[in-house]
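So you can see what is in the structure, the chains are spelled out below.
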Amino acid sequence: MTRNPLVLILFGPPGCGKGTQGARLATHYDIPSISTGDILRQAAREGTPLGEEAKGFMDAGKLVPDEVMLGLIGERLKQKDAGKGFILDGFPRTIVQAEGLARVLDRGGFAVTRVVELEVERDLLVDRLTSRRVCSRCGATFNVRTLPPPPEGACADESVGCKGEDIVQREDDKAETVGKRLDVYAESTAPLLTFYGDRGLLASVDGSSSPDEVFRRITAEIG
Ligand code: AMP
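Reference entry: report on the structure contained in this document.

Cut-offs applied
- Residues numbered from 1 in each chain as written.
- Predicted model: local features only at pLDDT ≥ 70, side-chain atom pairs only at ≥ 80, totals over all residues.
- Heavy atoms only, no water.
- Helix = DSSP H or I, 4+ residues; strand = E, 2+ residues; numbered from the N terminus.
- Rg over C-alpha atoms; globule rule 2.2 N^0.38 Å.
- Buried < 20%, exposed > 50% of the residue type's maximum accessible area, 1.4 Å probe, protein only.
- Contact = heavy atoms within 4.5 Å.
- Areas by Shrake-Rupley, 256 points an atom, 1.4 Å probe, with all protein chains shown as cover.
- Lys, Arg positive; Asp, Glu negative; His and termini not counted.
- Charge placed at Lys NZ, Arg CZ, Asp CG, Glu CD.
- Near = heavy atom within 4 Å.
- Polar contact = N/O pair within 3.5 Å; in protein donor to acceptor, adjacent residues only side chain to side chain.
- Nonpolar A, V, L, I, M, F, W, Y, C, P; charged D, E, K, R; others polar.
- Arc of directions from axis to C-beta.
- Pairing = 2+ DSSP bridges.
- Axes fitted to C-alpha atoms, helices over the stretch in contact; angles between N-to-C directions.
- Core = buried A, V, L, I, M, F, W, Y, C linked by side-chain atoms within 4.5 Å.
- 1 Å grid on protein atoms, 1.4 Å probe; cavity = no way out; pocket = protein on both sides within 12 Å on 5 of 7 lines; lining within 4 Å.
- Points joined across faces, edges and corners; volume = space filled by probe spheres on them.

A separate point is the overall build of the chain. A count of helical and extended segments in the chain gives 9 helices and 8 strands. Taken against the 2.2 N^0.38 rule, which gives 17 Å for 223 residues, the C-alpha radius of gyration of the chain at 17 Å falls within 12% of a compact globule. If one aligns the C-alpha atoms of the chain with their principal axes, the spans along those axes are about 50 × 40 × 35 Å. Expressed as a percentage of its 223 residues, the buried residues of the chain come to 44%. The long-range fraction of contacts in the chain, counting pairs at least 24 apart against all pairs at least 6 apart in sequence, stands at 71%. Here the chain has roughly 11,500 Å² of accessible surface; of this, 51% comes from carbon and sulfur atoms. Placing the 29 positive and 34 negative side-chain charges of the chain at their respective mean positions leaves the two points 2 Å apart.

Further remarks concern the site of the ligand. In the neighbourhood of the ligand, 16 residues make up the surrounding shell, with T36, R41, K62, G90 and Q97 lying closest. At a separation of 2.6 Å, an oxygen atom of the ligand approaches a polar backbone atom of K62. At 3.4 Å, a side-chain N or O of R170 approaches an oxygen atom of the ligand. Per-element accounting of the shell around the ligand gives the leading share, 4 residues, to helix α2 (residues 36-46). A breakdown of the residues in the shell around the ligand according to their chemical character gives 6 nonpolar, 4 polar and 6 charged.

Our focus in this paragraph is helix α3 (residues 49-59). Every buried residue of α3 is listed here: G51, A54 and M58. The arc that holds the buried residues of α3, viewed along the axis, is 75°, so those residues lie on one side. Those residues of α3 that are exposed and aimed more than 90 degrees away from the buried face are P49 and E52. Looking at the buried residues of α3, the elements they touch are α2. Backbone geometry just after α3 places G61 at a positive phi near 75°.

Within the span of α2, buried status applies to T36, G37, L40 and A43. The arc enclosing the buried residues of α2, seen along the axis, measures out at 130°, which places them on a common side. Exposed side chains of α2 directed beyond 90 degrees from the buried face belong to R45 and E46. Immediately beyond the C-terminal end of α2, within one or two residues, lies G47, with a positive phi of roughly 70°.

Moving on, we get to the pairing of strand β3 (residues 85-89). β3 sits mainly inside the fold: 5 of its 5 residues count as buried. Neither face of β3 is left uncovered, since the one carrying G85, I87 and D89 and the one carrying F86 and L88 both have all their residues buried. Taken together, the 5 bridges between strand β1 (residues 6-11) and β3 define a ladder with parallel strand orientation. Bridge pairing in β3 places L6 opposite G85. Of the pairings in the sheet, the one linking strand β2 (residues 33-35) to β3 comprises 3 bridges and is parallel in character. Pairing of S33 across the sheet is with I87, part of β3.

Moving on to the sheet that holds β1. Strand order in the open sheet formed by 5 strands is β2-β3-β1-β4-β8, and the pairing between neighbours is parallel. Looking along the sheet, the strands with just one partner apiece sit at the ends: β2 and β8 (202-206). Across this sheet, the average inter-strand angle for adjacent strands is 25°, counted without regard to direction. On the sheet, helix α9 (residues 211-222) packs against β1, β4 (114-119) and β8 and is oriented at approximately 160° with respect to β8.

Soluble globular proteins tend to bury their nonpolar side chains together. Counting residues in hydrophobic clusters, the biggest one holds 29 residues, and the most contacted among them are I9, L77, F86, L88, L101, V112 and Y196. At the level of secondary structure, the elements contributing two or more residues to this core comprise β1, α3, α4 (66-77), β3, α5 (95-107) and α8 (192-198). The next biggest cluster of nonpolar side chains, apart from the first, holds 20 residues, and it includes L6, I31, V205 and F215.

Turning next to the layout of surface pockets. The computed volume of the second largest pocket comes to approximately 200 Å³. Lining of the second largest pocket is provided by G74, E75, L77, K78, A82, G83, F86, V104, L105, R107, G108 and F110. Classifying every residue of the lining of the second largest pocket gives 6 nonpolar, 3 polar and 3 charged.

Spelled out as structure tokens, the structure:
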């Protein structure tokens, strides 16, 4: 029996663990995990027109406009590696984006297979986000409490050449912006739970357990 390509949307508020699980699931299913936040951050680092346009919105904890995001995802999904299925982390974030995604997928003969929501209480999200640190060079993620960066500050992968000063707090992980991002999620993104629930695509998983346990539950949902 052949299986349709997996199109999995990892859903949930900032800090719920989409990035961590996306990376693990990508290895497990051998498909790319596409994080729109990562694409935008890289564009901002490289100073491309997209990055310049997105940076102000990102630093303020606001959403980048839908038409920009739909253009970005349309281009990304044309790349060859997406042909065998993919995981979306951080997209869609509005109803307009979800409707646009459905059109893009339909043109390519794809459809969303499953939407897995990672449920985490607001207090824990705030805690996770404000204690997160990232390597601005290789993207490795640390946490000052649960996974501190190596003492000398450099990432483990010496071939990338990361240094201590590369490990930073994301501008939008600072306490004053985190609350704004969670409010934007509640207002603009959470309505998608009904959108996908009505279509019978939604599964919810407790995202506050250990990464191994969350992974086990997500793969059980996907079957
Ligand atoms: P993330 O790493 O997914 O938390 O995304 C970081 C920031 O990138 C968000 O706060 C938004 O400013 C922007 N962003 C990422 N994905 C989207 C999206 N699908 N729609 C609008 N803005 C986005």
